[in-house]
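Structural features, examined
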Amino acid sequence: MPRPPLPSDVYRLRIPTEPRLSPDGRFLVGASREADDTSTIILWNVATGEKVRRAQAHHRALWAVAFFPDGRRFATCGEDRVARIWNTRTLEREAEFGG
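Structure report, in brief. Computed from a predicted structure; not experimentally measured.

1. Details of the sheet that holds strand 8 (residues 93-98)
Taken together, 4 strands build an open sheet; the order of strands is 5-6-7-8 and the sheet is antiparallel. A strand with exactly one partner marks an edge of an open sheet, and here the two such strands are strand 5 (62-67) and strand 8. Taken over all neighbouring pairs, the strand axes of this sheet differ in orientation by 15° on average, direction set aside. Bridging between strand 6 (residues 73-78) and strand 7 (residues 82-87) involves 5 bridges; their strand directions are antiparallel. Looking at strand 7, one finds that Phe74 is bridged to Trp86.

2. Focus on the sheet that holds strand 2 (residues 27-33)
Taken together, 4 strands build an open sheet; the order of strands is 1-2-3-4 and the sheet is antiparallel. Edge positions in the sheet fall to strand 1 (20-21) and strand 4 (51-58), since each has one partner strand and no second.

3. Observations regarding the nonpolar core
Within the largest apolar cluster, 13 residues are counted, with the highest numbers of intra-cluster contacts made by Val29, Ile41, Leu62, Phe74 and Trp86. When contributions to this core are tallied by element, the ones reaching two or more residues are strand 2, strand 3 (39-45), strand 4 and strand 5.

4. Here's the deal with the packing of aromatic side chains
Taken as a whole and assessed by the stated rule, the structure comprises 2 aromatic pairs. Summarising the aromatic geometry, the rings of Phe67 and Phe74 are spaced 5.4 Å apart at their centres and angled 50° between planes, so their arrangement reads as tilted. Accessibility assignment for this pair places Phe67 and Phe74 in one class, buried. Measuring from ring centre to ring centre gives 6.4 Å for Phe74 and Trp86, while their planes differ by 15°; the resulting arrangement is stacked. Taken as a pair, Phe74 in strand 6 and Trp86 in strand 7 lie far apart in primary sequence, 12 residues in all. In this structure, Phe74 and Trp86 share a single accessibility class: buried.

The rules behind these values
Position numbers for residues count from 1 along each chain, tracking the sequence in the order it is written. It should be noted that, the model being predicted, local features are given only for residues of pLDDT at least 70 and side-chain atom pairs only at 80 or more, the latter also being counted only at that level, while totals for whole chains, interfaces and linings use all residues. Based on all heavy atoms of the structure, the side-chain values leave hydrogens and waters out of the count. In short, DSSP must find at least two bridges between two strands for them to pair. Think of it this way: any DSSP run of H or I at least four residues long counts as a helix, any run of E at least two long counts as a strand, and we number them from the N terminus. Lines fitted to C-alpha atoms define the axes, with helix axes restricted to the stretch in contact, and inter-axis angles between N-to-C directions lie between 0 and 180 degrees. Note on terminology: a nonpolar core comprises buried Ala, Val, Leu, Ile, Met, Phe, Trp, Tyr and Cys residues joined through side-chain atoms within 4.5 Å. For each residue, the accessible area found with a 1.4 Å probe, counting protein chains only, is set against the maximum for its type, and the residue is called buried under 20%, exposed over 50%, and partly exposed in between. Paired rings are identified among Phe, Tyr and Trp, the last through its six-membered ring, by centres lying within 6.5 Å, and are further divided according to the angle between planes into stacked (under 30 degrees), edge-to-face (over 60) and tilted (the rest).

In structure tokens form, the structure reads like this:
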């Protein structure tokens, strides 16, 4: 089965992590590294290809993204040695560890 095309922003990723698809297949989370060396997470609606939200994720490179099994939250960790838990619907931080 062929994969659907990814939004063009996904191809501009300059960090060592791959975009992750939510367990229900509705959302894709990717990231970009900004000029000031911070990492921004971007949430796309897979059905429409639209960017739903974006937020600053880490002060350095983002290393990994992983969804919780229910898809309501996902975790990120980065070069800043911080792990964060995000709400998929609102893209608000729910918890932070390390630092």
